[in-house]
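Coordinates in review
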Amino acid sequence: MTGSGLVVRDLSVGYGPVRALRRVSLEVPEGAVVTVLGGNGAGKTTLLRAISRTLSFHGGTVTGGDVQLAGRRLDRLPPDRVVAAGVSQVPEGRRVFARMTVADNLRAGALGGNRRNRGESLARVHGLFPVLAERAHQRAGLLSGGEQQMLAVARALMAGPRVLLLDEPSLGLAPLMAQRIADTIREINAQGTSVLLIEQNAALALRLATHAYVLEVGEVTLSGPAADLAASDEVRRRYLGVVDEDAAADAEQATGPTLARWEG
Ligand SMILES: Nc1ncnc2c1ncn2[C@@H]1O[C@H](COP(=O)(O)OP(=O)(O)O)[C@@H](O)[C@H]1O
Ligand SMILES: [Mg+2]
């Protein structure tokens, strides 16, 4: 693998004796949106923690493989140096500093980043999320769930990342708000930031992404252009909640019409 993007090669991770990732390889080419699909416990969050080097805070260790950005090894750096190198993570559960103001949350996000561009970054996030400018002096904990997710994304952008790691940004949000977050991810990408997107909402993720990977019990089992994965029976059945019509007809014959066809 080559290139100017983010490259994960043969990455293995354990939490003590628990092996959470086995030789995972993936690439986020510069300028791309790449998504990783997978059920609960598949290892998606672990993958992002390994890239951002925050794994040790959770008792995990990388046991093999490496991570590079534009040919530079990231997997020996402390977390703040990974941010400085151009990779910012939005952790799952939109963890903002609830007692701090919106403005102070954004200031904290800029700490690891490029000092020179701080004003530019603030202008950028206010452009993406005007509500954060309006609420600058409000405590972050008083924002709605969707606004807190916007703040979490904005905070990560303050460091001026080349690659943004997003861990289930739509989780727990109403469909309209999830769609707004999706639109914003598209806009962030259009502004030149690559995105590695983890999502339970596979339909949304496959609409946004150019490439997709499926992670199952710590291993990549499928990968390819997002459109190909969206069309694959396996992905449709397991992640898009589309019932295979033949199987549904068989089931209906076997058990009667109560097992009706459903679509996710
Ligand atoms: N801090 C931790 N300590 C021990 N095991 C963990 C920890 N975090 C995650 N795991 C385990 O690692 C596996 C992958 O978890 P995770 O990366 O959170 O999956 P996902 O984000 O896909 O739901 C699971 O088996 C989970 O139980
Ligand atoms: Mg997770």
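Reference entry: report on the structure contained in this document.

Quick notes on the rules
Residues numbered from 1 in each chain as written. Chains lettered and ligands numbered in written order. Predicted model: local features only at pLDDT ≥ 70, side-chain atom pairs only at ≥ 80, totals over all residues. Heavy atoms only, no water. Pairing = 2+ DSSP bridges. Helix = DSSP H or I, 4+ residues; strand = E, 2+ residues; numbered from the N terminus. Contact = heavy atoms within 4.5 Å. Axes fitted to C-alpha atoms, helices over the stretch in contact; angles between N-to-C directions. 1 Å grid on protein atoms, 1.4 Å probe; cavity = no way out; pocket = protein on both sides within 12 Å on 5 of 7 lines; lining within 4 Å. Points joined across faces, edges and corners; volume = space filled by probe spheres on them. Nonpolar A, V, L, I, M, F, W, Y, C, P; charged D, E, K, R; others polar.

With that settled, the discussion passes to the sheet that holds strand 2 (residues 18–28). Read across the open sheet, the 4 strands follow the order 2-1-4-5; overall the sheet is antiparallel. Each edge of the open sheet carries a strand with a single partner, namely strand 2 and strand 5 (72–73). Bridge count between strand 4 (residues 60–69) and strand 5: 2 bridges; the pairing is antiparallel. By the bridge assignment for strand 5, L69 is matched with R72. Relative to strand 1 (residues 6–15), helix 1 (residues 44–52) is tilted by about 110°, and along the sheet it contacts strand 1, strand 2 and strand 4.

Any space left empty among the atoms is revealed by the rolling of a water-sized probe across them. Counted as a void, the largest pocket has a volume near 680 Å³. Around the largest pocket sit 25 residues that line it, and T54, V83, Q89, P91 and R155 are the ones nearest its centre. Of all the secondary-structure elements, those providing two or more residues to the lining of the largest pocket are helix 1, helix 2 (79–85), strand 6 (87–90), helix 3 (102–110) and helix 6 (145–157). Take the lining of the largest pocket: its biggest share by element is 4 residues, from strand 6. Of the residues belonging to the lining of the largest pocket, the class tally is 11 nonpolar, 8 polar and 6 charged.

In short, geometric facts, not functional conclusions.
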